[in-house]
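The primary structure of each chain is shown beneath.
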Amino acid sequence: MHGATVLYYQPVRPVSRILSSSPRPRYFGFSIHNSKKVRRINFRLSAGKGELPELQIRRQENETSKQEKVSEGADLGWLPAFPHVLTASMSNFLFGYHIGVMNGPIVSVARELGFEGNSILEGLVVSIFIVGAFLGSISSGSIIDKLGCRRTIQIGTIPLILGAIVSAQAHSLNEMLWGRFLVGLSIGVNTVLVPIYISEVAPTNYRGSLGTLCQIGTCLGIITSLFLGIPSENDPLWWRTMFYVASVPGFILGLGMQFAVDSPRWLFRVGRLNDAKEIIYNLWGPNEVERAIEEFQSVNKNDDSDLGSTWLELLEEPHSRVALIGGSLFVLQQFAGINGVLYFSSLTFRDVGITSGALASVFVGLTNFTGALGALYLMDKQGRQKLLIGSYLGMAVSMFLVTYAISFPLEEQLSHTLSILGTTLYIFSFAIGAGPVTGLIIPELSSTRTRGKIMGFSFCIHWICNFLVGLFFLDLVEKFGVAPVYTSFGGVSLLAAAFANYYIVETKGRSLEEIEMSLNPNIRAKDN
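The residue numbering used here restarts from 1 in each chain and proceeds along that chain's sequence as written. In keeping with the model being predicted, local features are shown solely for residues with a pLDDT of at least 70 and side-chain atom pairs are shown and tallied solely at 80 or more, while totals for entire chains, interfaces and linings include all residues. Calculated side-chain values reflect all of the structure's heavy atoms, with hydrogen atoms and water omitted.

- If you check an unreviewed UniProt entry, the protein chain appears there as Plastidic glucose transporter 1 isoform X1 from Tripterygium wilfordii.
- Here the protein chain is described in UniProt, under the heading Subcellular location (unreviewed entry), as follows: "Membrane".
- UniProt positions are given in the numbering used here, feature names are shortened, and annotations may be inferred rather than shown by experiment. Within the UniProt record for the protein chain, the comment given under Sequence similarities (unreviewed entry) is "Belongs to the major facilitator superfamily. Sugar transporter (TC 2.A.1.1) family."

Here you go:
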């Protein structure tokens, strides 16, 4: 991949075990270590027997209904929500497109705008995108409380379209920076909103699979930009066409969301009960209307404050715990090295004779896409925790395999083959778990009231870590070599797998309200 700094999406995922579908009460906790003693703090959460009886009955009815549909061969409960989710996930397609759009043409852009050979300015053109995304993420939490996801996504397309057009018409470095900043601002907003929108609109039993469309959209966007970027190797002005093309999906997204539904949970919170019932009826089925409204009421009747949440609420339990979970997941995801591995993959492929950077990038994109399809199939079958653990274990093994291939005296052909195998396995492993699960499970664990704020905070952590990895990766490789850096990526991956094993629990098959009531002791106390 070309450029001083490389950005890739990880759309994508606690310090404590917080949920359990086991019939026994579970605990989550953490230990405080000092020189004299270890103190373990445990928090008891209701699950199974400790869970609200009506929630146990509802889950059993959900599971029975789903089994009946499967046995009849007509399990199409995902279909009514699919067009709405697909439209929203076009935002992720644009995210992936804008990630890949600068990989090849950055040299042509630098030459025409007068900063060719200046690695700092080349890196700035790429990284200004992250600055905009950071600001977009942190501002999205407040907007969503007032306008809801659908309308906010529509508003978010405005800077996306303007940024693409400004970039396409840029004749100076400053114009290009402004264009990339506007695109990043929009992407920062929408990467927060789309997972929330999908989690709140999708039926419970299909929330995981439909949520994976975020990762699939990003992969398709990257692949599309890489294919469209091939002519830029021969046409120095082709990059302008690529930016103009980027504005078209923005128009489609903005128009498409006009016909998409609002989140029924948001509609209920703003008092539009009949509209919420209609959407539940059409998307989830007539049998779900009464049950869903009862769950909405169980959660919202305990929230006697105004519609919007405040950032200070993230310092209170249980919101602070979930915010810490979200931030920790993104820290582990980013420092497991996905950006660095993707950057170095082009050099790895060059060693085995694939000299075309575009061809190598397309192969990487297809591997990423294949893994995302696997996640689509497995997310609601195996669950989030298993995919997350398996994903990070696969990433760790891959990194150690590449380290072995380049550190030990092997035949050159064998060394290159193992490097390619390790790199491919790493990208596939990331796409099947660490990428899609991270972005999905955070809104699942968040309360209805603070979901926007927690997602905004978590993605701010994501962008900071993303920037740091892009900034220091090459320097670390030059100073220590590839093998030690890849070994550290493998070590972080093992840490992330252990983290998921001990502190992440399963959310599949449970409604967002059921999860929230299990997490929040105040709700259970008032209900009792």
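**Section: the overall build of the protein chain**
- A helix here means a DSSP run of H or I that spans at least four residues, while a strand means a run of E at least two residues long, and both kinds are numbered starting from the N terminus. In terms of helices and strands, the protein chain carries 20 helices and two strands.
- Exposure classes here rest on a 1.4 Å probe applied to the protein chains alone. A residue is buried below 20% of its type maximum, exposed above 50%, and partly exposed in between. Burial status across the protein chain gives 59% buried among its 528 residues.
- For every accessible area listed, the method is Shrake-Rupley and the probe measures 1.4 Å; residues are considered covered only by the protein chains on display. Here the protein chain has roughly 21,200 Å² of accessible surface; of this, 62% comes from carbon and sulfur atoms.

**A look at the side chain of Ser263**
- The residue Ser263 is located in the loop between helix H8 (238-259) and helix H9 (264-269) in this model.
- Among the residues examined, Ser263 registers a relative accessible area of 3% and is labelled buried.
- Contact criterion: two residues are considered in contact whenever any of their non-hydrogen atoms come within 4.5 Å of each other. Excluding anything up to four places from it in sequence, Ser263 contacts Tyr197, Glu200 and Val201.

**Some points on the pattern of salt bridges**
- Whenever Lys or Arg places a side-chain nitrogen within 4 Å of a carboxyl oxygen from Asp or Glu, that contact is recorded as a salt bridge. The full count for this structure, using the stated rule, is 14 salt bridges.
- Close ionic contact of Arg207 with Glu444 constitutes a salt bridge, the shortest N to O distance being 2.7 Å. Here the residue Arg207 occupies a position in helix H6 (residues 207-211), and Glu444 occupies one in helix H16 (residues 412-445), the gap between them amounting to 237 residues. Summarising the burial analysis for this pair, Arg207 and Glu444 share the class buried.

**Focus: a nonpolar patch on the surface**
- Here, patches come from residues exposed beyond 30% relative accessible area and free of salt bridges, joined within 9 Å for like charges and within 5 Å for nonpolar side chains (Val, Leu, Ile, Met, Phe, Trp, Tyr). Side chains of Val331, Phe335, Ile464, Phe467, Leu468, Leu471, Phe472, Leu476 and Phe480 sit close together on the surface and give an oily, nonpolar patch of about 730 Å² of accessible area.
- It is helix H17 (residues 451-480) that provides the largest number of residues to the nonpolar patch, a total of seven residues.
- One can find Phe335 in helix H12 (residues 319-335).

**Let's talk about helix H5 (residues 173-201)**
- One fewer than the residue count of a helix, multiplied by 1.5 Å, yields its expected span. The first and last C-alpha atoms of H5 sit 41 Å apart over 29 residues, in line with the 42 Å expected at 1.5 Å per residue.
- H5 sits mainly inside the fold: 24 of its 29 residues count as buried.

**Considering the packing of aromatic side chains**
- Classification of ring pairs uses Phe, Tyr and Trp, with its six-membered ring standing for Trp, and accepts pairs whose centres are within 6.5 Å; under 30 degrees between planes counts as stacked, over 60 as edge-to-face, and the remaining range as tilted. Across all of its chains, the model carries 11 aromatic pairs by this definition.
- Charge over a ring is defined by NZ of Lys or CZ of Arg lying within 6 Å of the ring centre and within 35 degrees of the ring normal. We note Lys381 situated over the ring of Tyr377; from NZ or CZ to the ring centre the distance is 5.0 Å.
- Across from the ring centre of Trp311, 5.8 Å away, lies the NZ or CZ of Lys453, which sits over that ring.

**A closer look at H8**
- Taking 1.5 Å per residue, 22 residues should reach 32 Å; H8 reaches 34 Å between its end C-alpha atoms and fits that length.
- Buried within H8 are the following residues: Trp239, Arg240, Met242, Phe243, Ala246, Ser247, Pro249, Gly250, Leu253, Gly254, Gly256 and Met257.
- In this structure, the buried side of H8 is in contact with helix H2 (82-100), helix H3 (106-113), helix H4 (119-168), H5 and helix H7 (213-228).

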